Structure formats: C-alpha cells, structure tokens
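# Geometric and topological summary
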Amino acid sequence: MASTLSVSSSSTLVDGKAPRQQSAASPQCVSLPTLPPPPVQPQTRPWKTTAFCRKIARNVMSMATTTEAPPTEIASTELTTIAEPPEFVKTIQQAWDKVEDKYAVSSLAVAGVVALWGSAGMISAIDRLPLIPGALEVVGIGYTGWFAYKNLLSGQTGRVDPISVKLN
C-alpha cells in the first residue's frame with residue numbers, strides 16, 4: 001500500500017501551514033498578508049552561558065577552599081562592632097518610656113496616619129474633577145492678592161495700639 005500526496009497547486013502548502021480560505025472580496029473585510037517567519041539566529045549564546053557557569057563554579061570553589069576565621073571568632077567580632085543608637089533615638093525611647101497610656105498614643109498615631117491617607121485620597125479625587133482645580137486656583141490667587149494688598153502694600157501694618165482698644 002503506497003500512499004501518495006497530491007498537490008493541486010504550488011500555493012496550497014507553504015511552510016507546513018494549512019491553506020487559507022479565500023473569502024469573497026467584500027467591502028467590509030480586508031485581508032492582510034501574513035508576516036514571514038523570523039530569521040534564524042545563530043547559536044552564539046551557549047558558549048557564553050557555559051563560560052559564565054564555569055566562572056561561578058571557580059568562584060565558589062575558591063571561596064570554599066580559602067581559610068577563614070572560625071565562626072565563633074566572626075560572631076564575637078560582629079558583636080563588638082554594633083554601634084550605639086543615635087542620640088535622637090535615645091531621646092525618643094526616653095519619651096516613650098514616660099508615656100503612661102501607650103495604647104491611646106498608639107491609637108492616635110494610627111488614626112492620624114489613616115486621616116492623612118484619607119485626606120490625600122480626597123484631595124486627589126477633587127483634583128481629578130474637571131472644573132474644581134481651576135476654580136480653587138483662581139480663589140487662591142485672589143486671596144493671595146487680597147492678603148498682599150491688605151498687609152504688605154497698604155500703610156497699615158496690622159498692629160493695634162493696646163491703649164486705643166477698649167475692653168468691654
């Protein structure tokens with residue numbers, strides 16, 4: 001039993017791919033040609049990889065064969081090189097030791113962080129609105145101009161003579 005393969009046209013099989021179905025040309029469909037296969041890259045990487053692996057193996061072997069101080073000596077020298085904490089850390093530790101209600105202080109700190117995070121999110125949300133940032137910018141410029149006119153440019157310094165003020 002012999003099997004034969006018959007090809008009706010030369011464009012039926014290209015690069016082992018199945019033939020594309022030719023659809024009727026319609027104004028809605030546009031067919032694009034297929035891209036050619038990527039070029040074959042020369043295999044230059046394996047020798048670089050093996051050289052790198054050999055270099056790592058050499059370094060590991062050299063580290064394993066060198067004589068170092070025993071682990072007990074290393075541990076004792078590391079303990080002597082630990083530095084004292086800076087002065088501000090000592091001050092903070094002393095202030096924390098003086099606090100009587102540490103739970104309340106910790107709760108206030110967490111609440112402050114949550115409030116800061118929430119206000120940053122709210123400001124970010126307001127900043128994304130279309131007209132609000134521009135309006136707030138105009139208000140800020142107007143207030144800055146009014147403050148400069150009232151306190152810097154006018155003759156009044158804002159100081160009040162205590163003798164002229166009568167208390168009721």
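Residues numbered from 1 in each chain as written. Predicted model: local features only at pLDDT ≥ 70, side-chain atom pairs only at ≥ 80, totals over all residues. Heavy atoms only, no water.

Turning our eyes to something else, we now look at the overall build of the protein. The helix and strand inventory of the protein stands at five helices and zero strands. Each helix (α) and strand (β) of the protein, taken in turn from the N terminus, gives the series α-α-α-α-α. The buried share among the 168 residues of the protein stands at 0%. (Helix = DSSP H or I, 4+ residues; strand = E, 2+ residues; numbered from the N terminus. Buried < 20%, exposed > 50% of the residue type's maximum accessible area, 1.4 Å probe, protein only.)

As a further point, take a nonpolar patch on the surface. On the surface, Met122, Ile126, Leu129, Ile132 and Leu136 cluster together to form a nonpolar patch covering roughly 450 Å² of accessible area. Exposure remark for Leu136: the relative accessible area of 53% places this residue in the exposed category. (Patch = residues over 30% accessible without salt bridge, like charges linked within 9 Å, V, L, I, M, F, W, Y side chains within 5 Å. Areas by Shrake-Rupley, 256 points an atom, 1.4 Å probe, with all protein chains shown as cover. Salt bridge = Lys/Arg side-chain N within 4 Å of Asp/Glu carboxyl O.)

Per the counting criterion, the structure on display carries two aromatic pairs. Ring plane angle 40° and centroid distance 5.5 Å describe the contact between Tyr143 and Trp146, whose orientation is recorded as tilted. Taken together, the residues Tyr143 and Trp146, both in helix H5 (residues 132-153) and three residues apart, mark about one turn of the helix. Three or more aromatic residues joined by ring pairs make a cluster, and in this case those are Tyr143, Trp146 and Phe147. (Phe/Tyr/Trp six-rings, centres within 6.5 Å; stacked < 30°, edge-to-face > 60°.)

This brings us to the confidence of the model for the protein. Per-residue confidence for the protein gives a mean pLDDT of 75; residues scoring 70 or more make up 60%. When pLDDT is averaged over each helix and strand of the protein, the minimum, 53, is found for helix H2 (residues 71-81) and the maximum, 94, for helix H4 (residues 102-128). In the model, residues 9-13 has pLDDT below 50 throughout and makes six contacts with residues more than four positions away in sequence or in other chains. (pLDDT = per-residue confidence, 0-100. Contact = heavy atoms within 4.5 Å.)

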